[in-house]
Amino acid sequence: NTTINKPQALILHKSTNHLRTCEGNCGEKLPLCSCHSTCTSLKTCCADYKEYCVDTAPYSGSIMGGMDFLVLDATFNRTSEIICRFDNRIDTLGYVDADSRGHCISPLLYESGWVSFSISSDNGTTFNRVGSWLSVHTGKLDAKFKATLVNSTKWQYYGTPGVQGTLEMTWNTSLVRTERVNIELWGYRETGEPYSEQWSGAWEYLYSLAKDQPNSGSFSFLPEPAENGFSSWELGCVRVSPSHYSDGTWDVQAVWTEDHALAWHLEEKFRQDSAAWALDKCVAWDQLENRLPSFQNEIIDCPCTLAQARADTGRFHTDYGCDIEKGSVCTYHPGSVHCVRAIQASPQYGAGQQCCYDSTGAQVLTADSIGGSTPDRAHDWGSPPYKKPPRIPGLSHWIYDVLSFYYCCLWSDNCHYYFEHRPSSDCRRYHSPSSAVVFGDPHFITFDGVSYSFNGKGEYTLVTAENKNLTIQGRAEPATMLTSVVMKEASSDVMEVRLAGGRHGLEVLHNQKSLSFTEQSWMDLDGVFVFSPTSSNVTVMFPSGAGVEVRLRGGSMTTTVLLPEEFETHTKGLLGFMNGDPKDDLMLSNGQIVGNHSNPEEVFSFGMNWVVPNESALFTYDSQYLLDTYYYAPRHDISFIPVFSVPEDPDDPLNQQAAEICSGEGSQFCRFGRDPTLGNLTKTVLLQCLLLSLFAVISCGWLSPPRNGKKEGTTYLEGAIVRFSCDEGFTLQGSAERRCQATGRWSGEETSCMVPSTSK
């Protein structure tokens, strides 16, 4: 027998201990236990999992920082000296409360999305607890987490004609747990040559509006022009923080207002003649823009109609500053009822696109209205890798696109300067995405419009596209309906959307960890964005413009995939070969075509061909059922043979109800669902799919009014008519009326207004 001496036993004990602890192992599956996020439901966690792999409450807060959050489940001593380190570079001072619970304070960041943090309880010697914090763009942050500028328009127009008096702000006192507070003004500016390595942005403490005030939840003051040169700061926020800290102390518990134009503290010269002051600024901005590179050729064109803009969810998302769902309060776009922003910033310059629409659904152009669509030198939501201009969320956009709008359009009447550099792009280059749908039990409509049913049991490839490295997989349960969709693009995070227990909601998993949307409906993740306004509605958006919508209706998942034209001839899988030709849609992985789409056995064989290989599965297996049914078992259950036709039984009590519901277009799908409610849902979804498809719209482009004349009509799509007239004393030449034709060209001839010639 081999004898183990004491030193060897100690080494073995330490080695075995390392295999049982989550300290330094979060996210790993160890031989003896697990520190992976799936361990909780699998009941395989190491004993100290929650001690070292921590969750927090709340899990999110403003990009400006100052949020006090609780570290859940971990234990601390009352004497612990807590330091919280964010992004491995920013330290904030935490504390232990009377109940021995640890707290951290979130820091001011220049990026949005999930930021890693680690916690030291020994004053910075070891950082052995880890977690993630969600940094949120101030415009997307719920109002309850912000201080509110009462009548924010008054704050930002203060000093212009007729705007004066006291200003007021309010806040939730629980966000700053102290009896006395300071009210501080912080300013933001960007320095260095644009697009150079030296280009940087920074916040600075400017001065205090009040000190040692009662934490009453409100503050009013009569603003005065700032002294000591501070009035040169034109963009900033007001911070409410505990009064026991020194002026301008960074990263303490605090609540911030939204960033805003600091009209209220500008120099006396602004108050004496705001229009002249703003014109000088507008002209200076115009001269700067003339020196900067053009970004407009690399941004996407706007959708032609509001319906297209709201349906193209892979590439466009509601602009929170002009939302038809929230009453169309469109401060910067009067006359518009809804605006969307391109989700992705442009590749080289980080620029953005904004598209606005009127009550008829037509795009509003700046050539016709001050409320028109405008491109942005800096995307409002920022863009990876963030941290430096022009990619800092919100702030770079304010500096280059919003303050200039105040100078030229709001504080003075010189919008022509602004629109020369920010003209609307019309929709002549816009191409609607192609869409494919999986719904019911389950039925498929491919990108090229082929409809079929595949009632397999297993995990299958819905879409794969090598040109963008996009993969979307779906799981069909024995009840023959889609219950999970998982996806990734290139090196992005893996996103999974699946039916939650009881089928009353959708669960979203991010790299196999469940995401909560109780605090935020939008999340910036690595290589992907996710939006979930309700538990039955999830949209996933990738940099390529691919979008995946998952909706829960009546306990059934409906999945819609939207792909832009760059995917043409590159897709394979159950949702077809996207090339506009339905004949070759059902293509096997070896390139062979299924010729007879109406033969259920052939279609079933096609579906089986797209079973997910074991090594390629992206799904989360966090229950014994999923492990046994899909992970350890074959991906496609060959023992499950569906019914390929539904025989009519005249005595079936469901038959009459099914016959009434399942009639007309799409009825072939309803008969597979024996639950008449599901059948009705199936038909409804199909009808919506047919009616709301992203059909192509022809645009003839903007028409200018003739010099010395006028035009009537601001719609430029197929069938639209624009009429022209001349001012008194001028004669119209060319066409008085022009119609947008199906060819994309205007009828008639160019219109002009001429001085009539006088005969001798």
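Everything here concerns the structure above.
Quick caveat, the model's predicted, so the values are computed rather than measured. (Residues numbered from 1 in each chain as written. Predicted model: local features only at pLDDT ≥ 70, side-chain atom pairs only at ≥ 80, totals over all residues. Heavy atoms only, no water.)

(A) Broad picture of the pattern of salt bridges. Applying the stated rule across the entire model yields 34 salt bridges. With a shortest N-O distance of 3.1 Å, R723 and E737 are connected by a salt bridge. Here R723, found in strand β38 (residues 721–726), pairs with E737, found in strand β40 (residues 737–739); they are 14 residues apart in sequence, far enough to count as distant. We classify E737 as partly exposed; its relative accessible area is 42%. One salt-bridge network, in which partners are shared between bridges, spans D87, R89, E111 and K387. (Salt bridge = Lys/Arg side-chain N within 4 Å of Asp/Glu carboxyl O. Helix = DSSP H or I, 4+ residues; strand = E, 2+ residues; numbered from the N terminus. Buried < 20%, exposed > 50% of the residue type's maximum accessible area, 1.4 Å probe, protein only.)

(B) Structural view of the packing of helix α6 (residues 274–291) against helix α8 (residues 395–410). It is at 7 Å that the axes of α6 and α8 come closest, and there the two elements cross at 135 degrees. Here α8 runs oblique to α6, going by the angle between their axes. When the axes of α6 and α8 are compared, the crossing they make is left-handed. Seen from α6, the contacting residues are W277, A278, L279, K281, C282, W285, L288 and E289; seen from α8, they are Y400, S404, Y407 and C408. Grouping the amino acids of the contact of α6 with α8 by side-chain chemistry returns nine nonpolar, one polar and two charged. (Axes fitted to C-alpha atoms, helices over the stretch in contact; angles between N-to-C directions. Parallel < 35°, antiparallel > 145°, perpendicular 65-115°, else oblique. Left-handed = near helix turned anticlockwise from the far one by under 90°. Contact = heavy atoms within 4.5 Å. Nonpolar A, V, L, I, M, F, W, Y, C, P; charged D, E, K, R; others polar.)

(C) Main features of the state of the cysteines. Scanning all chains against the criterion turns up 13 disulfides. Paired through a disulfide, C302 and C355 show a sulfur-sulfur distance of 2.1 Å. Taking the sign of the torsion about the S-S bond as the criterion, the disulfide between C302 and C355, at about -85 degrees, is left-handed. A residue pair is termed long-range when its members are at least 10 positions apart, and C302 in the loop between α6 and α7 (306–311) and C355 in strand β20 (residues 352–357) qualify at 53 residues. Owing to a relative accessible area of 0%, C355 belongs among the buried residues under this scheme. Through a disulfide, C339 is tied to C356; the S-S separation comes to 2.1 Å. Of note, the bridge from C339 to C356 carries an S-S torsion of about 105 degrees and is right-handed in sense. One end of the pair, C339, is in strand β19 (residues 338–342); the other, C356, is in strand β20, with 17 residues separating them in the sequence. The buried category is assigned to C339, whose relative accessible area is 0%. (Disulfide = S-S within 2.5 Å.)

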